Amino acid sequence: MEVVKETKMGFEETELRLGLPGNSGGGEGEMARKRGFSETVDLKLNLSSKESGADPNNLEKINSLQREKNLLATDPAKPPAKAQVVGWPPVRSFRKNMLAVQKSSTDQEGEKLPGGNATFVKGKMFSSFTIGNCGSHGLKDFLNESKLVDLLNGTDYVPTYEDKDGDWMLVGDVPWDMFAESCKRLRIMKGKEATGLAPRAMEKCKNRSYK
Amino acid sequence: MGPNPKMRKEFFDSTRSSPFPDEVLERVLSLLKSHKDRSAVSLVCKDWYNAESWSRAHVFIGNCYSVSPEIVARRFPRVKSVTLKGKPRFSDFNLVPENWGADVHPWLVVFAAKYPFLEELRLKRMAVSDESLEFLAINFPNFKVLSLLSCDGFSTDGLAAIATHCKNLTQLDIQENGIDDKSGSWLSCFPENFTSLEVLNFANLNTDVNFDALERLVSRCKSLKVLKASKSISLEHLQRLLVCAPQLIELGTGSLMPELTACQYAQLENAFSQLKNLSTLSGLWEASAPYLPLLYPACTNLTFLNLSYAFLQSHELESLLCQCPHLRRLWVLDTVGDKGLEAVGSNCPLLEELRVFPADPFDEEVVHGVTEAGFLAVSYGCRRLHYVLYFCRQMTNAAVATIVQNCPDFTHFRLCIMNPGQPDYLTNEPMDEAFGAVVRTCTKLQRLSVSGLLTDLTFEYIGQYAKNLETLSVAFAGSSDRGMQCMLEGCPKLRKLEIRDCPFGNAALLSGLEKYESMRSLWMSACNVTMNGCRLLAREMPRLNVEVMKDDGSDDSQADKVYVYRSVVGPRRDAPPCKWMKQAAVMGHQRIKIHPTMNCHPGPMHPVKVLQKQEAPGHLTCSNLLSSIIRFPISSSYVHELANNGVCLLTCLNDAYILGMAKDLKRESSGAIQTCEHGGGPVVPVLSPTRLLVVPTMKFKPEIGLRSGRTGLRWAGFSKLRNIFVVNAWEHCVSRT
């Protein structure tokens, strides 16, 4: 898959370390990094598979992969991310574990939603990226619509979201700012599930040109 | 309980000059609560020392290896409450090897004999086993208060033992421990007639608890003031609990995951509104916006709100804060962002403590969290702020200077810029001026954690201005030895210094020789200190324990992790094996058997090999040596074996582990075993051995090791010595005559 190749190249070149938080248990920083590296490279992107519900953890990793890839694309001069240092930042193991557990458990909760064949990405994860949470000198939010949509490029899935009023909308129907402010939850739906969301949702899914 | 007054009179000097009876003095001193005051009082004169000893009911031991339980019991005969701290703080961040020590069991054994009426035990960073918990539960009939913070080694079975046997328990407080959570039947172990519980904190646990048992417990314990539940307690459960316990002062909710019907929601809302006395609210796992309003009715009198496990956004936080006009302490996740902190500044004028934790501490590319703007906003609104813990990804010198101008009363300033060595992001300069401003302006500063790009200048400032500083944490900072020297020469009240990943070497370490005895401890890891530096330190300062932990695969001469602390009992006997002495080799003799360890320490047995007999008369040949011979502990039967072979086991060099053990070797009747205490007075052997086996713990130069004098070997009584065998653990041995 093209996406996989691209990201693989990205990793080898820049030795990014991507792993879930809390991976730094013991061992040297380099060791941890290597382990993390092989973990992420071995990801199987199951988005187009027939089985119900791609692994939400994979999706989270894919999201971060995608973020990494796009970050590199926008700033090729950026130095590689540092290897994780043992015991830094100084957050107690207990707290680390509780936060990680909470994050992944809320991901899993999504599968219990009605129509549970969909993978579920908790909206809060994205809400932290909304413009406005960054300082004026901080890096701008680099998540935008095309990234969300590119993830699912060519697959049977469409990104949808639930807005403030409880309506399920197709991502891309409203301008980004409006989407970012009103989005409460994101949901990756199978194409056929998305019918009736918005007029011609299915057609949109087939016909839209992804960047 | 205690000895009768007549005995006490004889205990005291009968010709003293005190104008009033001891009982009066004791009565007066018993009103003193602070240990610092009590320490001062005990130094006035002998009478006061004695009176203070007799009247002390609570003893605080900041480092369990600085003293022994026997000494404590001898000095303070009537203690009812003990607080004990073990591992160095960096063990919380996985920097201390497992099985490092701090086992509580030896303390419990002594307390069972000397303080059978012990009521309270508070442990922090200790190794606690289920056996120890059971021992505690069974041997102390008056036991009331158990608090375990950041401990490890036990499971819910241990908690079951406490619940089963402690009939008078009032507090069970289990926080942030490494528990083996075998799930919740321990709660059912509280007997049905047990009603004395006032504090129950099991927020730590992950698996389900037996809710019915919990509900019954809560409803029959009418004095319950503090209830902190674990994540497995649902909202529905919570409602039932609150109905039983509207008198709660501190509440830790379980999961706030949305799952209620409208009717249940109303019921829970009602239950919360009954909590008129709530001053602390925590838990709030998986808190989500629709359910936060449930909490509002309970917030009116809140002084402490712990949202550090709730992924809230700024507006959610703001809505909650509007309900808490009396808030003094607030813990949040950085998901609230600078905007959320602005809300803090606007809504919490009485705020004294703020802790902002990172939701994603390890994800570097994440662009969220808080910046200097949030901190600034808080400082403008909360002028009474004196305790801050702040994790952020960017900071400026100017912002910090303004913050401390707004809030000059900081006693605890812990700033963590998460990217190591990051400069002021606007000016690209080091953060020296930020911390300079902190120490200059905040004269009451007791605790400081620094971060960001820092040169020695920061430490010059700290040494010069931080006159009240007691605890200092330094990471990825400094340019040279001078930095550490400034800290050691400057801060007169420094008690705890922890340093990691800084370019401080032996010169820096040794510049603090006079300082360390007035401190509780020093930690240095991933710095430039070598084994030789540590040896020198240990040699010069015999009342310090110098412990070195080495990492796998590191250079022999590097002292990767150094932990130095004062102690009145000398080196400890239960240190873990030196990882770097990996190659176990046999001295050409048969492996005997495994000897049990001296202390009951949960962990793998360390095989100890014993020399059986020499191969030729007058000679001990050896090809290589099993390094574990010198491990802790060596049992007396091993010693006996050595004695039978006419071998004098001597340890030299300044390895704290070995010396400690050597002192414990029992003298066998044959008298062949001697101990050599390094740094102490000369040791005169009872008999003169003919053969000497020198077992170094580190690489050392045989020529230096065998000379008399400051390196430790004493030659008195070795006149008959014919053969000296020096074995280098890394190479084949050398035989000398």
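Cut-offs applied
- Residues numbered from 1 in each chain as written.
- Chains lettered and ligands numbered in written order.
- Predicted model: local features only at pLDDT ≥ 70, side-chain atom pairs only at ≥ 80, totals over all residues.
- Heavy atoms only, no water.
- Helix = DSSP H or I, 4+ residues; strand = E, 2+ residues; numbered from the N terminus.
- Contact = heavy atoms within 4.5 Å.
- Areas by Shrake-Rupley, 256 points an atom, 1.4 Å probe, with all protein chains shown as cover.
- Axes fitted to C-alpha atoms, helices over the stretch in contact; angles between N-to-C directions.
- Parallel < 35°, antiparallel > 145°, perpendicular 65-115°, else oblique.
- Expected span 1.5 Å × (residues − 1).
- Buried < 20%, exposed > 50% of the residue type's maximum accessible area, 1.4 Å probe, protein only.
- Arc of directions from axis to C-beta.
- Phe/Tyr/Trp six-rings, centres within 6.5 Å; stacked < 30°, edge-to-face > 60°.
- Lys NZ or Arg CZ within 6 Å of the ring centre and 35° of its normal.
- Salt bridge = Lys/Arg side-chain N within 4 Å of Asp/Glu carboxyl O.
- Pairing = 2+ DSSP bridges.
- Right-handed = clockwise from strand over helix to strand, strands pointing away.
- Core = buried A, V, L, I, M, F, W, Y, C linked by side-chain atoms within 4.5 Å.
- pLDDT = per-residue confidence, 0-100.
- Patch = residues over 30% accessible without salt bridge, like charges linked within 9 Å, V, L, I, M, F, W, Y side chains within 5 Å.
- Polar contact = N/O pair within 3.5 Å; in protein donor to acceptor, adjacent residues only side chain to side chain.
- Disulfide = S-S within 2.5 Å.
- Nonpolar A, V, L, I, M, F, W, Y, C, P; charged D, E, K, R; others polar.

Draft legend 1. Spatial organisation of the overall build of chain A. Counting secondary structure elements, chain A contains eight helices and four strands. Walking chain A from its N terminus toward its C terminus, one meets helices and strands in the order α-α-α-α-β-α-α-β-β-α-β-α. Taking contacts inside chain A between residues at least 6 apart in sequence as the whole, the part at least 24 apart equals 63%. Put simply, chain A shows about 10,900 Å² of open surface, and 52% of that area lies on carbon and sulfur atoms.

Draft legend 2. Geometry of the overall build of chain B. A tally of regular secondary structure across chain B gives 24 helices and 26 strands. Of the contacts made within chain B by residues no fewer than 6 positions apart, 70% connect residues no fewer than 24 positions apart. Carbon and sulfur atoms make up 52% of the accessible area of chain B, which amounts to about 28,700 Å² in all.

Draft legend 3. Molecular detail of the packing of helix H17 (residues 456-465) of chain B against helix H18 (residues 481-490) of chain B. Residues and elements named next belong to chain B. Relative to each other, H17 and H18 sit at 5°, their axes nearing to 8 Å. As the angle between them shows, H17 and H18 are arranged roughly parallel. Side by side, H17 and H18 meet where Asp 456, Phe 459, Glu 460 and Gly 463 of the first sit next to Arg 482, Gly 483, Cys 486, Met 487 and Gly 490 of the second.

Draft legend 4. Main features of helix H11 (residues 262-273) of chain B. Along its 12 residues, H11 of chain B runs 17 Å from first to last C-alpha, staying within 8% of the 16 Å computed at 1.5 Å per residue. Each element contacted by the buried residues of H11 of chain B is listed here: helix H10 (235-244) and strand E10 (250-252) of chain B.

Draft legend 5. Region of the structure containing helix H12 (residues 314-321) of chain B. Taken as a whole, H12 of chain B has its buried residues at Ser 314, Glu 316, Leu 317, Leu 320 and Leu 321 of chain B. Each buried residue of H12 of chain B sits inside an arc of 165° when the element is viewed along its axis, so together they form one side.

Draft legend 6. Examining the packing of aromatic side chains more closely. All names here are of chain B. The final tally for this structure, using the stated rule, is 21 aromatic pairs over all chains. Their ring planes at 65° and their centres at 5.7 Å tell us that Trp 100 and Tyr 563 sit as a pair that is edge-to-face. Placement of Trp 100 in the loop between strand E2 (81-85) and helix H6 (105-114) and of Tyr 563 in strand E22 (residues 561-566) is noted, with a sequence separation of 463 residues between them. Take Trp 100 and Tyr 563: they sit in the same class, and that class is buried. Clustering of aromatic rings is evident, with ring pairs tying together Tyr 65, Phe 90, Phe 93, Trp 100, Trp 523, Tyr 563 and Tyr 565. Lying across the ring of Phe 304, Arg 329 places its NZ or CZ 4.0 Å from the centre. Of note, Arg 572 hangs over the ring of Tyr 65, and the distance from its end group to the ring centre comes to 4.5 Å.

Draft legend 7. Local environment of the pattern of salt bridges. Residue and element names in this part refer to chain B. Taken as a whole, this structure holds 26 salt bridges over all chains when the rule is applied. Here Glu 120 ties to Arg 122 by a salt bridge, and the two come within 2.7 Å at their closest N and O atoms. Judged by relative accessible area, which is 22%, Glu 120 ranks as partly exposed. A salt bridge links Arg 500 to Asp 501; the shortest N-O distance between them is 2.8 Å. One salt-bridge network, held together by shared partners, links Arg 38, Glu 52, Arg 56 and Arg 75.

Draft legend 8. Region of the structure containing the pairing of strand E13 (residues 329-333) of chain B. Residue and element names in this part refer to chain B. Most of E13 is tucked away: four of the five residues are buried. Here strand E12 (residues 304-306) pairs with E13 via three bridges, running parallel. Among the inter-strand pairings, Leu 305 is bridged to a residue of E13, identified as Leu 330. Between the parallel pair E12 and E13, the chain is carried across by H12, and the sense of this crossover is right-handed.

Draft legend 9. Representation of the nonpolar core in the model. Trp 186, Leu 200, Phe 410, Phe 413, Leu 448 and Ile 499 of chain B are the most contacted members of the largest nonpolar core, which has 181 residues in total. Setting aside its immediate chain neighbours within four residues, Phe 410 of chain B contacts Phe 375, Leu 385, His 386, Tyr 387, Val 388, Ile 403, Val 404, Cys 442, Lys 444 and Leu 445 of chain B. Judged by nonpolar contacts, the second largest core, of 20 residues, contains Met 98 of chain A together with Trp 285, Leu 333 and Ala 475 of chain B.

Draft legend 10. Seen up close, unusual backbone geometry. A cis amide bond links Trp 88 of chain A to the next residue, Pro 89 of chain A, at an omega of -5°. Summarising the element assignment, Pro 89 of chain A is placed in the loop between helix H3 (56-74) and helix H4 (93-109). Of note, the phi angle at Asn 94 of chain B is positive, near 65°, even though the residue is not glycine. Residue classification places Asn 94 of chain B among the partly exposed positions, given a relative accessible area of 29%.

Draft legend 11. Up close: the environment of Leu 513 of chain B. Residue and element names in this part refer to chain B. Locating Leu 513 in the fold gives a position in helix H20 (residues 513-516). As a C-alpha pair, Leu 513 and Leu 488 span 25 residues in sequence and 9.1 Å in three-dimensional space. With near-sequence residues (within four places) excluded, Leu 513 lies in contact with Leu 537, Glu 540 and Met 541.

Draft legend 12. Representation of the confidence of the model for chain B. Residue and element names in this part refer to chain B. Taken over all residues, the pLDDT of chain B has a mean of 78, while the share at 70 or more is 75%. Considering only residues more than four positions removed or in separate chains, one finds that residues 578-737, a stretch of pLDDT under 50, has 312 contacts. In the model output, the complex is listed with pTM 0.66 alongside ipTM 0.72.

Draft legend 13. Spatial organisation of the pairing of strand E16 (residues 412-417) of chain B. All names here are of chain B. Most of E16 sits out of view: six of its six residues are buried. A two-sided burial pattern is seen for E16, the buried positions comprising His 412, Arg 414 and Cys 416 on one face and Phe 413, Leu 415 and Ile 417 on the other. In this sheet, E16 lies alongside strand E15 (residues 387-392) in parallel orientation, the contact comprising six bridges. Bridged to Leu 389 within E16 is Arg 414. Between the parallel pair E15 and E16, the chain is carried across by helix H15 (residues 397-406), and the sense of this crossover is right-handed. As paired elements, E16 and strand E17 (residues 447-449) share three bridges and run parallel to each other.

Draft legend 14. Spatial organisation of a nonpolar patch on the surface. A cluster of nonpolar side chains, Phe 20, Val 24 and Val 28 of chain B, forms an exposed patch at the surface whose accessible area comes to about 230 Å². On the secondary structure map, Phe 20 of chain B appears in the loop between helix H1 (5-11) and helix H2 (22-29).

Draft legend 15. A look at the side chain of Ser 53 of chain B. Residues and elements named next belong to chain B. Assignment of secondary structure puts Ser 53 in helix H4 (residues 46-55). One polar contact links the side chain of Ser 53 to the main-chain carbonyl oxygen of Arg 75, over a distance of 3.5 Å. In this structure, Ser 53 is in contact with Arg 75, Phe 76 and Pro 77, ignoring residues within four places of it in sequence.

Draft legend 16. Here's a closer look at the state of the cysteines. Residues and elements named next belong to chain B. All chains considered together, the criterion is met by zero disulfides over all chains. Of the cysteine sulfurs around Cys 442, a residue in no disulfide, the closest is that of Cys 407, at 8.4 Å. For Cys 442, a relative accessible area of 2% corresponds to the buried category. Cysteine Cys 486 shares no disulfide, and the gap to the nearest cysteine sulfur, in Cys 491, comes to 9.4 Å. Take Cys 486: its relative accessible area is 8%, and that puts it in the buried class.

Draft legend 17. Representation of the side chain of Arg 220 of chain B within the structure. Residue and element names in this part refer to chain B. Note on placement: Arg 220 falls in helix H9 (residues 211-220). Owing to a relative accessible area of 15%, Arg 220 belongs among the buried residues under this scheme. Within the structure, Arg 220 has its side chain in polar contact with the backbone oxygen of Phe 194 (distance 2.8 Å). In this view, Arg 220 contacts Phe 190, Pro 191, Glu 192, Phe 194 and Thr 195; residues no more than four positions away in its chain are not counted.

Draft legend 18. Geometry of the packing of helix H7 (residues 130-139) of chain B against helix H8 (residues 156-165) of chain B. All names here are of chain B. Interaxial distance between H7 and H8 falls to 8 Å at its minimum, and their mutual angle equals 5°. In terms of orientation, H7 lies roughly parallel with respect to H8. Contact residues: Asp 130, Leu 133, Glu 134, Leu 136, Ala 137 and Ile 138 in H7; Asp 157, Gly 158, Leu 159, Ala 161, Ile 162 and His 165 in H8. For the contact of H7 with H8, the per-class residue count stands at seven nonpolar, two polar and three charged.

Draft legend 19. Molecular detail of the environment of Arg 329 of chain B. Residue and element names in this part refer to chain B. Mapped onto the elements, Arg 329 comes out in strand E13. For Arg 329, a relative accessible area of 30% corresponds to the partly exposed category. Separated by 23 residues in sequence, Arg 329 and Asn 306 place their C-alpha atoms 8.0 Å apart.

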